[in-house]
Amino acid sequence: MDEETSDRAWDAVVVGGGVAGLTAATFLARADEATLVVDAGGSILRRNAHLENFPGFPDGVDPRRLLSLQTEQAATAGATHATGRVTDVTAVEDGFRVTVAGGDPEDGTSDAGDPNDETDDGNTRDVGDSDATDATDATDATDATDGDAGDEPNDTTVLTTNRIVAATKNAVGYLDGVGVDLREHGKTFVETDERGRTGVPGLYAAGRLAGKPHQAAVCAGHGAEVAVTVLEDSDEPFYHDWVTPAGYFTDRGREVPPGCEEIDAAERERRGETARTATRETFAEPHPEPQETHPSLEPRGDET
Ligand SMILES: Cc1cc2nc3c(=O)[nH]c(=O)nc-3n(C[C@H](O)[C@H](O)[C@H](O)COP(=O)(O)OP(=O)(O)OC[C@H]3O[C@@H](n4cnc5c(N)ncnc54)[C@H](O)[C@@H]3O)c2cc1C
């Protein structure tokens, strides 16, 4: 097995690019944290047939579309997305060493416990198209699965980071070496406080992994909460991340709070038009990725 050490130190590595991890990454990157999402490519939400209880979609939304949009949103915010599997986390001074394997589902390094893992995740292709994930910024973790000739699926990369947000549903094997408290309740969960902090300083857990209820909106919301907690634990005691009309704070003699932005009417219209155009184009056609189901089941004849 080849191993490379990346000299890039991340402010935060988010392990798991499902709804919780992608939301956490968006919030962290919007706060200018150098954020890497490492995802093995198998969000359980991909098995949902039509997502009808996620806020903001009165007629529901294709769950694969939602994941693609969330991936794009994290990239727009500045996060980098890598396909790979985190196999080990070790505490070091001021942070963690994170080992990322290329993610070959057959190589026995899998600890995600999800037979969906061999699924090629179109989300990563979406992000790969974004300027925010310029190849110069991507880690070698992407190399092992980018399909280039000569890639060794067993390649590993060791990264360093100050903080980790673990958002891997019930996959915990990669945390064995870091001494985090686990809880068995049918499946395995990471023990956290009410804000997602584990007993290991700098290590947080979000979404289903932290024992949150098994709904996408709950797990996404928790990803946001945990990211804000990471920021508040660093140097922002009350972090906002709001976009407000011009003068909302300053015309009342107040400073713009951390993470806030005031925008004037012209900028509001520009952003609104960009959003309307993108939304029309995004939803014009069905999402190209196929329906997934439980791996123990054969695909039904009526599925395309
Ligand atoms: C059939 C089905 C239908 C559902 N329908 C609904 C519904 O209608 N409404 C609703 O609200 N919820 C629904 N859910 C539940 C919802 O999908 C989950 O609650 C939600 O996806 C959990 O989010 P999460 O981010 O915690 O985990 P996930 O979305 O599963 O994300 C975890 C990610 O971690 C990655 N990962 C795991 N191990 C590693 C590792 N070692 N290194 C790197 N990456 C790793 C995985 O590849 C995955 O992408 C449904 C679930 C199923 C199975």
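An account of the accompanying structure is given in this report. (Residues numbered from 1 in each chain as written. Predicted model: local features only at pLDDT ≥ 70, side-chain atom pairs only at ≥ 80, totals over all residues.)

Points about the environment of Val 243
Relative to the elements of secondary structure, Val 243 occurs in strand β10 (residues 243-245). With 20 residues separating them along the chain, Val 243 and Ile 263 place their C-alpha atoms 7.2 Å apart. With sequence-adjacent residues up to four places away left out, Val 243 is seen in contact with Glu 261 and Ile 263. (Helix = DSSP H or I, 4+ residues; strand = E, 2+ residues; numbered from the N terminus. Contact = placed C-beta atoms within 7 Å.)

A word on the pairing of strand β6 (residues 156-166)
The element β6 is largely enclosed, with a buried count of eight among its eleven residues. Pairing geometry for strand β5 (residues 95-101) and β6, over six bridges, is antiparallel. From the neighbouring strand, Thr 99 faces β6, where its bridge partner is Val 158. Judged from the three bridges that link them, β6 and strand β9 (residues 203-205) form a sheet pairing that is parallel. Bridged to Ile 164 within β9 is Leu 203. (Buried ≥ 20, exposed ≤ 12 C-beta atoms within 10 Å, placed from the backbone. Pairing = 2+ DSSP bridges.)

What about unusual backbone geometry?
The phi dihedral of Asp 94 falls on the positive side, at around 65°, and the residue is not glycine. By the secondary structure assignment, Asp 94 is in the loop between β4 (85-92) and β5.

Examining helix α2 (residues 63-77)
Taking 1.5 Å of rise per residue, 15 residues should cover 21 Å, and α2 covers 21 Å from first to last C-alpha, within 8% of that figure. Most of α2 sits inside the fold, with eleven of its 15 residues counted as buried. Residues of α2 that are buried include every one of Pro 63, Arg 64, Leu 66, Leu 67, Ser 68, Leu 69, Gln 70, Thr 71, Glu 72, Ala 74 and Ala 75, and no others. Phi for Gly 78, located one or two positions after α2, is positive at around 120°. (Expected span 1.5 Å × (residues − 1).)

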